[in-house]
Amino acid sequence: MATTFDLSWWDKSPDQLSSFLDPYVNTLNSGYVHNGNSISYSFYTASTVIPSSHLVETRPGESASSAPFTEREQATFKSMVELISRVIDLDFQEVSAGSGQIRLTTANTWLGGYADYPNTGSYQRLVISDDVTDLGVNGASFMSILWHEFGHTLGLEHPGNYRGGGGSSNAPYLDPTLDTSLLSIMSYNDVNLMYLDVSQASFAPLDLKTLLNIYGPSKNTDGINYIFDNTYTGNSNKHFGQ
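Everything numeric in this text was worked out from a predicted model, so none of it was measured.

1. Description of the side chain of Gln 124
- Turning to its location among the elements, Gln 124 is positioned in strand E6 (residues 124–129).
- Here the side chain of Gln 124 touches His 34 through a polar contact of 3.5 Å, side chain to side chain.
- Within polar-contact distance, the side chain of Gln 124 engages the backbone oxygen of Asp 116 at 2.9 Å.
- Beyond its immediate chain neighbours, meaning those up to four positions away, Gln 124 contacts His 34, Gln 101, Ile 102, Arg 103, Asp 116, Tyr 117, Pro 118 and Thr 153.

Here it is in structure tokens:
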């Protein structure tokens, strides 16, 4: 039986939406967080590659292989961390290839992507499938997956009892009627509106609320006041607006 999603939160005022989200922040908090607020990242290159033994969920019949992000994909991620650093008290620094806390690459995985939580190993993988790295029209698939995996590297987990490679996430779970990508990019559930499947291509309200709860608000907003807003973007996202 299909789930009827509760979208009553959509038209709430910024203050009402923030209060509405308060009881649910623990559904996304994995308990794994970065020590401090400075996070380093790097992109693997053609000459500095991720060890094949560190790649998982390889497509059946293939040997594990990887390829670097394109310049456009790297620029996309850099714009993401710049935006988040203006909202959340996190400072991101790019370092040399193959070093740093978060290390990005594409690989021949059958999953859309996968990533590690903070402080669960010597570094954190952020791997996107080479099947979805073409930005294409609006880059929707690539953007959704990249934001989702980026969320994992910051400590966000799925709001429901599911994982792409099998297994489960930790309780508590979001009410199934609220478990939609419009509320959290970490959800696996898109919403059908006017016969179109609407998916998220950035952090959604609950993601940002949870990250604010974990790391605190940015101290470097350049005078910009970010609030919960119901501004529409090209893919009908509710997001932090200026």
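2. Topic: the confidence of the model for the chain
- Residue-level pLDDT values for the chain average 84, and 81% of them are 70 or greater.
- No element of the chain has a lower mean pLDDT than strand E10 (residues 239–241), which averages 33, and none a higher one than strand E1 (residues 38–43), which averages 98.
- Note on residues 194–198: pLDDT under 50 across the span, and ten contacts to partners over four residues away in sequence or across chains.
- This stretch, residues 230–242, has a pLDDT under 50; its non-local contacts, to residues over four places away or in other chains, come to 43 contacts.

3. Some thoughts on the nonpolar core
- Among the nonpolar cores identified, the biggest contains 45 residues, and Phe 77, Phe 92, Leu 104, Leu 126, Leu 146, Phe 150 and Phe 203 are the most heavily contacted of them.
- Contributing elements (two or more residues each) for this core: helix H1 (14–21), E1, helix H2 (71–85), strand E4 (102–107), E6, helix H3 (140–153) and helix H4 (205–215).
- Among the elements that line this core, the one with the most residues is H3, at six residues.
- Once residues within four sequence positions are removed from consideration, Phe 150 is found in contact with Phe 77, Met 80, Val 81, Ile 84, Phe 92, Leu 126 and Phe 203.
- Judged by nonpolar contacts, the second largest core, of eight residues, contains Tyr 44, Ile 50, Ala 107 and Tyr 114.

4. Some thoughts on the pattern of salt bridges
- This structure, assessed with the given rule, holds eight salt bridges.
- Note that Asp 22 is salt-bridged to Lys 209, the shortest N-O span being 2.9 Å. Taken together, the residues Asp 22 in the loop between H1 and E1 and Lys 209 in helix H4 connect sequence positions 187 residues apart.
- Overall, the relative accessible area of 41% leaves Asp 22 in the partly exposed class.
- The partner of Glu 62 in a salt bridge is Arg 59, with the nearest N and O atoms 3.1 Å apart.
- Exposure remark for Arg 59: the relative accessible area of 17% places this residue in the buried category.
- Among the charged side chains, a salt-bridge network with shared partners connects Arg 59, Glu 62, Asp 130 and Asp 131.

5. Considerations on H2
- If you check H2, its first and last C-alpha atoms are 21 Å apart, about what 15 residues at 1.5 Å a residue would give, namely 21 Å.
- For H2, every residue scored as buried is listed here: Glu 73, Gln 74, Thr 76, Phe 77, Met 80, Val 81 and Ile 84. What you see down the axis of H2 is that its buried residues fit within an arc of 155°, all on one side. Turned more than 90 degrees away from the buried face of H2, the exposed residues are Glu 71 and Arg 72.

6. Some points on the environment of Asp 175
- As for its placement among the helices and strands, Asp 175 is situated in the loop between H3 and strand E7 (191–193).
- Owing to a relative accessible area of 38%, Asp 175 belongs among the partly exposed residues under this scheme.
- In this structure, the C-alpha to C-alpha distance between Asp 175 and Thr 27, residues 148 residues apart in sequence, is 9.5 Å.
- Side chain to side chain, Asp 175 and Thr 177 meet in a polar contact 2.7 Å long.

7. A word on H4
- Counting buried positions along H4 gives eight out of eleven residues, so the element sits mostly inside the fold.
- Those residues of H4 that sit buried are Pro 205, Leu 206, Asp 207, Leu 208, Lys 209, Thr 210, Leu 211 and Tyr 215.
- Gly 216 lies just past H4 and shows a positive phi near 85°.

8. Some points on the packing of aromatic side chains
- Scanning the entire structure with this criterion turns up 13 aromatic pairs.
- Between the aromatic rings of Phe 43 and Phe 77, the centroid separation amounts to 6.0 Å while the plane-to-plane angle is 90°, which identifies the pairing as edge-to-face. Note that Phe 43 is positioned in strand E1 and Phe 77 in helix H2, a separation of 34 residues in sequence.
- Here Phe 77 falls in the buried class, since its relative accessible area comes to 0%.
- Ring centres 4.7 Å apart and planes at 65° place the aromatic pair Trp 147 and Phe 203 in the edge-to-face group.

Quick notes on the rules
Residues numbered from 1 in each chain as written. Predicted model: local features only at pLDDT ≥ 70, side-chain atom pairs only at ≥ 80, totals over all residues. Heavy atoms only, no water. Helix = DSSP H or I, 4+ residues; strand = E, 2+ residues; numbered from the N terminus. Polar contact = N/O pair within 3.5 Å; in protein donor to acceptor, adjacent residues only side chain to side chain. Contact = heavy atoms within 4.5 Å. pLDDT = per-residue confidence, 0-100. Core = buried A, V, L, I, M, F, W, Y, C linked by side-chain atoms within 4.5 Å. Buried < 20%, exposed > 50% of the residue type's maximum accessible area, 1.4 Å probe, protein only. Salt bridge = Lys/Arg side-chain N within 4 Å of Asp/Glu carboxyl O. Expected span 1.5 Å × (residues − 1). Arc of directions from axis to C-beta. Phe/Tyr/Trp six-rings, centres within 6.5 Å; stacked < 30°, edge-to-face > 60°.

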